[in-house]
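Chain residues, written in single-letter form:
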Amino acid sequence: MSAITIKDLTVWFGTGAERNDAVKDVSFDVADGESFGLVGESGSGKSTILRAIAGLVPTWSGEMTVAGETLGPKRSKAFYSKVQMVFQDPYASLHPRQTVDRVLSEAMRLHGVENIDSRIGTLLDDVGLGPGFRFRYPHQLSGGQRQRVAIARALACDPSILLLDEPTSALDVSVQAEILNLLVDLRHEHKLTYIMVSHDLGVVGHLCERIGVMKDGRFEEVLTVEDMRAFKATSPYTRHLLESSINSIR
Amino acid sequence: MTDAPLLDVENLWVKFRTRTGVFDAVRGVSFTLGKERLGIVGESGSGKSMTGRAILRLIRPPGFIEADKLELKGEDILNAPEKRMRQLRGGRVSMIMQDPKFSLNPVMTVGQQLVEALRAHEKVSRSEARQRALEVLDEVAIRDVDRVYDLYPHEVSGGMGQRIMIAMMLLPNPEILIADEPTSALDVSVQLQVLDIIDKLVSDRGMGLMFISHDLNLVAKFCDRIVIMYAGRIVETCKASELRNASHPYTLGLLNSVPDLEHPRDRLEVLKRDPAWREAPSVSARQ
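These numbers were taken from a predicted model, which means no experiment stands behind them. (Residues numbered from 1 in each chain as written. Chains lettered and ligands numbered in written order. Predicted model: local features only at pLDDT ≥ 70, side-chain atom pairs only at ≥ 80, totals over all residues. Heavy atoms only, no water.)

On to the environment of Leu 223 of chain A, then. Of note, Leu 223 of chain A is situated in strand S10 (residues 218–224). Sequence-wise, Leu 223 of chain A and Leu 71 of chain A are 152 residues apart; in three dimensions their C-alpha atoms are separated by 26 Å. (Helix = DSSP H or I, 4+ residues; strand = E, 2+ residues; numbered from the N terminus.)

In structure tokens form, the structure reads like this:
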């Protein structure tokens, strides 16, 4: 069964003459437990797809089925306990005046989770932060620790699908490695399905099995990571992206 | 190198007075810059940007600079009067900042800014300044220069904005270019374009380039010599071509923590920071 089915998704901003289609007729499937990557330049519409799935952009047409639920203009409460999102910038996505404890417990209270107290402990353990971090404020955490808290918050209601919007692009490479390892581990432990947006082919290649390359709101092509490594891209744009990304020296 | 280097830095410290005492952002860094491309790599907080700014004395209070030697082609800039520094900044040493969105003046057209930059350093007529501005825009591979000349910064893309920044920095013919993460705000495909332009200009004009970046792979590909900074000190320095023989665990850690499309690994290596790295004396990168 596929966890996510998107058919002919079009997302636009503005109306009338101002209308700008950010995503045009995009279709793809993500199987249960799969990790799907979206890459492309800024403005190619990759984040917009995620936001449309999460219900953050109301102006879309097409069909979206996520975790067995066909999506309409409004998302049900059950939807949000199955699908959660992690945002790009951990400096902006945590409330500066709320402690880690409050951030996590609020997310759980909204979803009616029981044993909030003991669950916060497990969550912090899951994301590799000790209990000592529970009553800290975001400014007392480093960038990597904040992103761990953001991931813990997304996991608070035990979702099956995580939407990851450039989760490591604001972090140093060494910290990025920690977060990517964490995401790999969590996926195995919790049997999660990921859709991950990134502009870095290396990051997407590490975490995802299949990758959709976007340009100007459309899919240039969808290919597996193995094909990508073997340089079997058919579209010239993907080849260009690959050539610009392959810069390792080891 | 036989003749005097463009830039000679010895035992440079950047310190900040805080409520809890003096914080050392850069701790005794020494290096020289000739007509070459020198890459400075480190994580955020390693002091790489502060080093770049210190050379132009752009550290604001409560920060201050100390050094045994800070010379630009034999001229002492550590104690130079502010008036002289203003001539040097942009005139002989230029700096390209990270994000064109924040470094271009939003209420002036591209052309006005370019002309202003040139006329601040040279006595030239308006029409000649315009001519030179158009030429330099052409040099950074902008098509349709006449149109771009009259645009406002919000009307150009990020990649073009960065090229305009580069054009502006090159106008007064500086000898040293300090590029502080010039491409990290740009998409990968545009990144290479901008780097190619910088590379071509640096080699054509025989400038010295100080390239500050967190991306070790990029620097290795692009620079001649690399300095790796950690906690305000230089932990290792080597030729870019010899980076694969690097020995410091921090350098190796940085190299191994990058996910690599061609050589997949199940787990990325995570840096284990050794407190001894922080205490080890700075390696000199003087030549």
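Moving on from the model shown.
The interface of chain A with chain B comprises 28 residues on the first partner and 33 residues on the second. Between chain A and chain B lies a buried interface of about 3000 Å² when both sides are counted; carbon and sulfur atoms form 56% of it. Counting across the chain A and chain B interface gives 0 salt bridges. Inspection of the region where chain A meets chain B yields 2 residue pairs in polar contact (both at pLDDT 80 or more). Mapped onto the side of chain A that touches chain B, the elements with two or more residues apiece are helix H6 (173–190), helix H7 (201–207), helix H8 (225–229) and helix H9 (236–245) of chain A. (Contact = heavy atoms within 4.5 Å. Buried area = accessible area lost by both parts, 1.4 Å probe. Salt bridge = Lys/Arg side-chain N within 4 Å of Asp/Glu carboxyl O. Polar contact = N/O pair within 3.5 Å; in protein donor to acceptor, adjacent residues only side chain to side chain.)

This next bit is on the packing of H9 of chain A against helix H8 (residues 188–205) of chain B. One way to put it is that H9 of chain A packs onto H8 of chain B with a least axis distance of 8 Å and a crossing angle of 60 degrees. Between H9 of chain A and H8 of chain B, the crossing angle belongs to the class labelled oblique. Both H9 of chain A and H8 of chain B take part in a crossing whose hand is left-handed. On H8 of chain B, the residues that touch His 240, Leu 241 and Ser 244 of chain A of H9 of chain A are Val 188, Ser 189 and Leu 192 of chain B. Grouping the amino acids of the contact of H9 of chain A with H8 of chain B by side-chain chemistry returns 3 nonpolar, 3 polar and no charged. (Axes fitted to C-alpha atoms, helices over the stretch in contact; angles between N-to-C directions. Parallel < 35°, antiparallel > 145°, perpendicular 65-115°, else oblique. Left-handed = near helix turned anticlockwise from the far one by under 90°. Nonpolar A, V, L, I, M, F, W, Y, C, P; charged D, E, K, R; others polar.)

So, on to the side chain of Arg 233 of chain B. Residues and elements named next belong to chain B. Along the chain, the position of Arg 233 falls in strand S11 (residues 233–239). We note that Arg 233 is buried and unpaired, the nearest opposite charge coming from Glu 279 at a distance of 4.7 Å. At 3.2 Å, the side chain of Arg 233 and the backbone oxygen of Arg 278 are in polar contact. Sequence-distant contacts of Arg 233, defined by excluding residues within four places in its chain, comprise Trp 13, Arg 27, Val 29, Ile 228, Arg 278, Glu 279, Ala 280, Pro 281 and Ser 282. (Buried < 20%, exposed > 50% of the residue type's maximum accessible area, 1.4 Å probe, protein only. Lys, Arg positive; Asp, Glu negative; His and termini not counted.)

All names here are of chain B. Under the defined criterion, the tally for this structure stands at 26 salt bridges over all chains. Between Arg 225 and Glu 36 there is a salt bridge, with its nearest N and O atoms 2.9 Å apart. Of this pair, Arg 225 sits in strand S10 (residues 225–230) while Glu 36 sits in the loop between strand S2 (21–33) and strand S3 (37–41), and the two are 189 residues apart along the sequence. For the residue pair Arg 225 and Glu 36, the accessibility class agrees, reading buried in each case.

All names here are of chain A. Taken as a whole and assessed by the stated rule, the structure comprises 8 aromatic pairs over all chains. Between Phe 28 and Phe 219, the ring centres sit 5.6 Å apart and the planes meet at 50 degrees, which makes this aromatic pair tilted. A residue pair is termed long-range when its members are at least 10 positions apart, and Phe 28 in strand S2 (residues 20–31) and Phe 219 in strand S10 qualify at 191 residues. Taken individually, Phe 28 and Phe 219 each receive the classification buried, so the pair is uniform in this respect. Aromatic rings pair up to connect Phe 28, Phe 36 and Phe 219 into one cluster. Here the basic side chain of Arg 75 rests over the ring of Phe 79, its NZ or CZ set 5.4 Å away from the ring centre. (Phe/Tyr/Trp six-rings, centres within 6.5 Å; stacked < 30°, edge-to-face > 60°. Lys NZ or Arg CZ within 6 Å of the ring centre and 35° of its normal.)

Turning to the layout of surface pockets, a few remarks are in order. All names here are of chain B. Of the voids in this model, the second largest pocket is the one considered here, and its volume is about 560 Å³. Along the wall of the second largest pocket there are 22 residues; nearest its centre are Gly 90, Met 95, Ala 117, Met 168 and Met 169. Listed by contribution, the elements that provide at least two residues to the lining of the second largest pocket are strand S7 (93–96), helix H4 (110–119) and helix H7 (158–170). Considering only residue class, the lining of the second largest pocket consists of 13 nonpolar, 6 polar and 3 charged. (1 Å grid on protein atoms, 1.4 Å probe; cavity = no way out; pocket = protein on both sides within 12 Å on 5 of 7 lines; lining within 4 Å. Points joined across faces, edges and corners; volume = space filled by probe spheres on them.)

Turning next to the sheet that holds strand S5 (residues 69–70) of chain A. All names here are of chain A. Taken together, the 4 strands give an open sheet; going across it, the order is S2-S1-S4-S5, and neighbouring strands pair in antiparallel fashion. Each of the sheet's edge strands pairs with one partner strand only, and the pair in question is S2 and S5. Pairing between strand S4 (residues 60–66) and S5: 2 bridges, direction antiparallel. Directly across from Thr 65, in S5, lies its bridge partner Thr 70. Running at roughly 110 degrees to strand S1 (residues 2–13), helix H1 (residues 46–54) makes contact with S1, S2 and S4 of the sheet. (Pairing = 2+ DSSP bridges.)

What follows covers the nonpolar core. Within the largest apolar cluster, 64 residues are counted, with the highest numbers of intra-cluster contacts made by Ile 164, Ile 198, Phe 211, Ile 226 and Leu 243 of chain B. Here this core takes 8 residues from H7 of chain B, the largest share from any one element. Excluding its chain neighbours within four sequence positions, the residues that come into contact with Ile 164 of chain B are Leu 104, Val 110, Leu 114, Leu 137, Ile 142, Val 148 and Val 156 of chain B. Formed by 53 residues, the second largest nonpolar core is a distinct cluster that contains Leu 182, Tyr 194 and Leu 223 of chain A together with Leu 261 of chain B. (Core = buried A, V, L, I, M, F, W, Y, C linked by side-chain atoms within 4.5 Å.)

Moving on: unusual backbone geometry. The residue after Pro 61 of chain B, namely Pro 62 of chain B, is reached through a cis peptide bond having omega 10 degrees. When you line up the elements, Pro 62 of chain B lands in the loop between helix H1 (48–55) and strand S4 (63–66). Phi at Lys 191 of chain A is positive, roughly 50 degrees, even though this residue is not glycine. Structurally, Lys 191 of chain A is set in the loop between H6 and strand S8 (193–197).

Consider a sheet: its strands pair through backbone hydrogen bonds, and that pairing is either parallel or antiparallel. All names here are of chain B. Taken in spatial order, the 6 strands line up as S7-S8-S9-S3-S10-S11 in an open sheet, and their pairing is mixed. On the outer flanks of this sheet lie S7 and S11, each paired with one strand and no other. Averaged over all pairs of adjacent strands, the angle between strand axes in this sheet comes to 15 degrees, irrespective of strand direction. Two strands pair when backbone bridges link them, and S3 and S10 are joined in this way by 4 bridges, in the parallel orientation. Within the sheet, the bridge partner assigned to Leu 38 lies in S10 and is Arg 225. Running over the sheet, H8 touches S3, S7, strand S8 (176–180) and strand S9 (208–213) and is turned about 155 degrees from S9.

With that out of the way, let us pick up the pairing of S8 of chain B. Residues and elements named next belong to chain B. The buried count for S8 comes to 5 of 5 residues, which makes it a mostly enclosed element. As paired strands, S8 and S9 are joined by 5 bridges and run parallel to one another. Within S9, the residue paired with Leu 177 across the bridge is Leu 209. Handedness of the crossover joining S8 and S9 through H8: right-handed. (Right-handed = clockwise from strand over helix to strand, strands pointing away.)

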